[in-house]
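# Examination of the molecular architecture
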Amino acid sequence: MDKDLLKLLDLSTQDILSILDTADRLKAETKAGEKHDFPSGKILAMIFAKNSTRTRVSFEAGIYQLGGHGVFLSNSDSQLSRGEPISDTARVLSRYCDCIMIRTYEQEEVEELAKYATVPVINGLTDFAHPCQILGDLMTIREHKGKLEGLKATFIGDGNNVANSMIVGCLKVGMKVSIASPEGYHPDQKVLDFAAAYGDDIFQLFDDPKLAAAGADVIFTDVWASMGQESEAEKRRIAFEGYQVNDELMALANPNCMIQHCLPAHKGEEITEKVFEDHADEIFDEAENRLHVQKAVMYILMKR
Ligand code: CP
Ligand code: NVA
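In this report, the structure presented in the accompanying data block is examined. (Residues numbered from 1 in each chain as written. Chains lettered and ligands numbered in written order. Predicted model: local features only at pLDDT ≥ 70, side-chain atom pairs only at ≥ 80, totals over all residues. Heavy atoms only, no water.)

With that settled, the discussion passes to the state of the cysteines. Here the structure, examined in full by the defined rule, presents zero disulfides. No disulfide involves Cys170; its sulfur sits 12 Å from the nearest other cysteine sulfur, which is in Cys257. With relative accessibility at 0%, the residue Cys170 sits in the buried group. Unpaired in this structure, Cys262 has its nearest cysteine sulfur neighbour in Cys132, at a distance of 13 Å. (Disulfide = S-S within 2.5 Å. Buried < 20%, exposed > 50% of the residue type's maximum accessible area, 1.4 Å probe, protein only.)

Here it is, written out as structure tokens:
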């Protein structure tokens, strides 16, 4: 694996599987109350330019469980919002910290941070990607289904950061992928080009959610308006009408089809309350596994 985790496009299949294997081991150690084999006193800087519940708490709890300490930096109370360049911030934080996690808008900002940081950088969500989320989802699917290869994963809704990472992550571990999103809200073209190389048997993009959901083993969805798109919420509510994960759609999927939702959910929009509650165990396992998978990423990136 490279120095950083910036996007799943940068990872090999082996990189992903070794993160998942490490996460399984760290989860088992945590549940057994065992100490992890990891040098103590590592410092993680956590930069947040957007809101967070799961990412913030799971990274902070995770570094603590690894024997280290997390330092939370919001854009509003660091010098970033007063114009200090990301390249200078990278070089300063590298002198104090052993790893930097960042949640922000532009992917380029994260790539710039990694270029100037001498310590590993982890993408905690950008407009383009949410790699930690999909690693946690793959861990959850493997726990529930006992395998990943050959399963069919479907994403219904906005071709956003979660969809982009879902396509890349699922394809890299040997899953089939189908997407349903309306015209104008498709996943990123770079991701579609990457996926197209797998061929029509493996990757399909539809307008119609019913066609995408047929035979699915796991259905993913996410909000229709992501952070930063709040002013488009009404327009998006209209564009995404019919792109709801409900009982009718679930009836087309395979029996025992799982649901993955990164949360927070807008119940009644992208997913019904009923489907959400029917699959709450899977969805909250998914939330829990963010902790274990991010510990695995920190373990691998910081231990060497
Ligand atoms: N899924 C996720 O990243 O949640 P937060 O926005 O709460 O971190
Ligand atoms: N697509 C959502 C994910 C939140 C975890 C957003 O970017 O707001």
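A separate point is the pairing of strand E3 (residues 99–103). Summarising burial for E3: five of the five residues are buried, a large majority. Side chains of E3 alternate between two faces, with Cys99, Met101 and Arg103 and Ile100 and Ile102 buried alike. In this structure, strand E1 (residues 43–48) lies alongside E3, joined through five bridges in parallel fashion. Following the sheet pairing, Phe48 is matched in E3 by Arg103. In this sheet, strand E4 (residues 121–123) lies alongside E3 in parallel orientation, the contact comprising three bridges. Considered in E4, the bridge of Ile100 is made with Val121. A crossover connection joins E3 to the parallel E4 through helix H4 (residues 107–116); in handedness this β-α-β unit is right-handed. (Helix = DSSP H or I, 4+ residues; strand = E, 2+ residues; numbered from the N terminus. Pairing = 2+ DSSP bridges. Right-handed = clockwise from strand over helix to strand, strands pointing away.)

This brings us to the site of ligand 1. Around ligand 1, the surrounding shell consists of Ser52, Thr53, Arg54, Thr55, Arg103, His130, Gln133, Cys262, Leu263 and Arg290. In the environment of ligand 1, a nitrogen atom lies 2.9 Å from a nitrogen or oxygen atom belonging to the backbone of Cys262. When atoms are counted within 2 Å of each cavity's grid points, the one that captures over half of ligand 1 is the largest pocket. (Near = heavy atom within 4 Å. Polar contact = N/O pair within 3.5 Å; in protein donor to acceptor, adjacent residues only side chain to side chain. 1 Å grid on protein atoms, 1.4 Å probe; cavity = no way out; pocket = protein on both sides within 12 Å on 5 of 7 lines; lining within 4 Å. Sits in = over half its atoms within 2 Å of the grid points.)

Quick look at helix H1 (residues 13–31) now. Taking 1.5 Å of rise per residue, 19 residues should cover 27 Å, and H1 covers 27 Å from first to last C-alpha, within 8% of that figure. All of the buried residues in H1 are Asp15, Ile16, Ile19, Leu20, Thr22, Ala23, Leu26, Lys27 and Glu29. As for H1, its buried residues are in contact with helix H5 (131–145), helix H6 (161–172) and helix H12 (280–303). Directly beyond the C-terminal end of H1, a positive phi value near 70° is found at Gly33. (Expected span 1.5 Å × (residues − 1). Contact = heavy atoms within 4.5 Å.)

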